[in-house]
Amino acid sequence: MKKIGVLTSGGDSPGMNAAIRAVVRKAIFHNIEVYGVYQGYQGLINGQIKKLELGSVGDIIHRGGTMLYTSRSEEFKTAEGRQKGIEQLKSLGIEGLVVIGGDGSYRGAKKLTEHGFPCVGVPGTIDNDIPGTDFTIGFDTALNTVIDAIDKIRDTATSHERTYVIEVMGRHAGDIALWSGLAGGAETILIPEADYDMNDVVSRLKRGHDRGKKHSIIIVAEGVGSGVDFAKELTEATQLETRVSVLGYIQRGGSPTAFDRVLASRLGARAVELLIEGKGGRSVGIENNKLVDYDILEILERPHKIEENMYQLSKELSI
Ligand code: ADP
């Protein structure tokens, strides 16, 4: 392989830039030319493709977002759209593509590979919802943003003796809620992977209140439903003063943590190695601190799981 491309697609996540940098530098290290595809799959269709040099990815390792920009493309979901994209790549002599993104982007990468164009997926999403890796790029940074918010809200919650409901992102996955709840000492964590009983939530709150607790923090994963609706229900059931904070998009931005930068560097470089080895249709990941890769199709069919014992622990530590 003499020329490869790299793109970011779907929702951005902190560390995508570090992954792009790793792809570019690793490829150049192996005397392979690298092309950046701007604005995801839509940019691929439109031919927004530029050659990247060592310096093109200078000074980005610490920046959130993605220097290649990203987009969502309906056209790419059609076979004609994908064919146009492949023609754009072929016209430049590009033989393989690294796709950095979430599960939607993976589906696109899988389709391209089925059309005969080798792609390797790098898991870039704050949600940590891609199977075949312990962590996705951006999860750790998002988690630290959430922790910072929880700590600040805790100050107010204590001062005013209130209950706070904090809604966090994660789409259908409860990882951000579970990890941030455990790290932030939340009294209750609601995640889509586990059912909850309102009576149980209320009795926990009352128990804490009766033993003189000044505040309570409840983390609600967006996959469970609206934090605002949950807070209304809770206020009716407890008559305790409840406030809601929906953290929203602050969770997607910011400078990536050291962990995310290292993860992105390792995964981005590994993706290039796989293309060099002629392996398309793979997804790279990290398991027990070792680099792994799996068939993209197989990854997409695996169910997402949370650490059951961590969920149990969060309950035990917040009695
Ligand atoms: P994410 O990658 O963050 O999950 P999306 O789900 O929005 O984000 O997917 C990003 C893009 O990937 C979509 O806009 C579309 O262009 C492409 N994509 C998603 N699903 C498919 C599919 N089934 N076939 C082809 N392309 C897809």
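This one's a predicted model, so the numbers in the text were calculated from it and none came from an experiment.

**Student:** What exactly am I supposed to notice about a nonpolar patch on the surface here?
**Tutor:** Among the surface-exposed residues, Val-228, Val-244 and Val-246 lie close enough to one another that they form a single nonpolar patch of about 200 Å² accessible area. Within the secondary structure layout, Val-246 lies in strand β9 (residues 242–246). Take Val-246: its relative accessible area is 46%, and that puts it in the partly exposed class.

**Student:** Mind showing me how you'd approach helix α7 (residues 198–210) here?
**Tutor:** Working note: α-helix, 3.6 residues per turn, so residues spaced by three or four point in the same direction. Between its terminal C-alpha atoms α7 stretches 18 Å, which fits the 18 Å expected from 13 residues at 1.5 Å a residue. Regarding α7, the residues found buried are Met-198, Val-201, Val-202, Arg-204, Leu-205 and Gly-208. End-on, the buried residues of α7 take up no more than an arc of 160°, which puts them together on one face. Residues of α7 that are exposed and point over 90 degrees away from its buried face: Asn-199 and Asp-210. As for α7, its buried residues are in contact with β6 (163–168), β7 (188–190), β8 (216–221), α8 (227–238) and α11 (308–316). By the N-cap criterion, in which a side-chain oxygen at the helix start approaches the backbone nitrogen of a residue two or three places on, α7 is capped by Asp-197, the distance to Asn-199 being 3.0 Å. Looking one or two residues past α7, Gly-212 carries a phi angle of roughly 90°, positive in sign.

**Student:** What should I look at first to understand the UniProt feature "binding site: Mg(2+)" (unreviewed entry) in the protein chain in this one?
**Tutor:** UniProt feature "binding site: Mg(2+)" (unreviewed entry): in the numbering of this structure it lies at Asp-103. Within the secondary structure, Asp-103 sits in helix α4 (residues 103–114). Setting aside residues no more than four positions away along its own chain, Asp-103 makes contact with Ile-130, Arg-171 and Leu-300.

**Student:** I keep staring at the site of the ligand and nothing clicks. Help me out?
**Tutor:** Around the ligand, the structure places 17 residues, and the nearest of them are Arg-72, Ser-73, Asp-103, Gly-104 and Ser-105. A distance of 3.4 Å is found between a nitrogen atom of the ligand and a side-chain nitrogen or oxygen belonging to Lys-111. Taking Arg-171, its side chain carries an N or O atom lying 3.5 Å from an oxygen atom of the ligand. Surface burial for the ligand is 86%, taken as the share of its 560 Å² of free accessible area covered by protein chains. Here the ligand is seated within the largest pocket. When residues in the shell around the ligand are grouped by element, the largest group, six residues, is from α4. In terms of residue class, the shell around the ligand is built from two nonpolar, eight polar and seven charged.

What counts, and at which threshold
Residues numbered from 1 in each chain as written. Predicted model: local features only at pLDDT ≥ 70, side-chain atom pairs only at ≥ 80, totals over all residues. Heavy atoms only, no water. Patch = residues over 30% accessible without salt bridge, like charges linked within 9 Å, V, L, I, M, F, W, Y side chains within 5 Å. Areas by Shrake-Rupley, 256 points an atom, 1.4 Å probe, with all protein chains shown as cover. Salt bridge = Lys/Arg side-chain N within 4 Å of Asp/Glu carboxyl O. Helix = DSSP H or I, 4+ residues; strand = E, 2+ residues; numbered from the N terminus. Buried < 20%, exposed > 50% of the residue type's maximum accessible area, 1.4 Å probe, protein only. Expected span 1.5 Å × (residues − 1). Arc of directions from axis to C-beta. Contact = heavy atoms within 4.5 Å. Polar contact = N/O pair within 3.5 Å; in protein donor to acceptor, adjacent residues only side chain to side chain. UniProt positions renumbered as here; feature names shortened; annotations may be inferred. Near = heavy atom within 4 Å. 1 Å grid on protein atoms, 1.4 Å probe; cavity = no way out; pocket = protein on both sides within 12 Å on 5 of 7 lines; lining within 4 Å. Sits in = over half its atoms within 2 Å of the grid points. Nonpolar A, V, L, I, M, F, W, Y, C, P; charged D, E, K, R; others polar.

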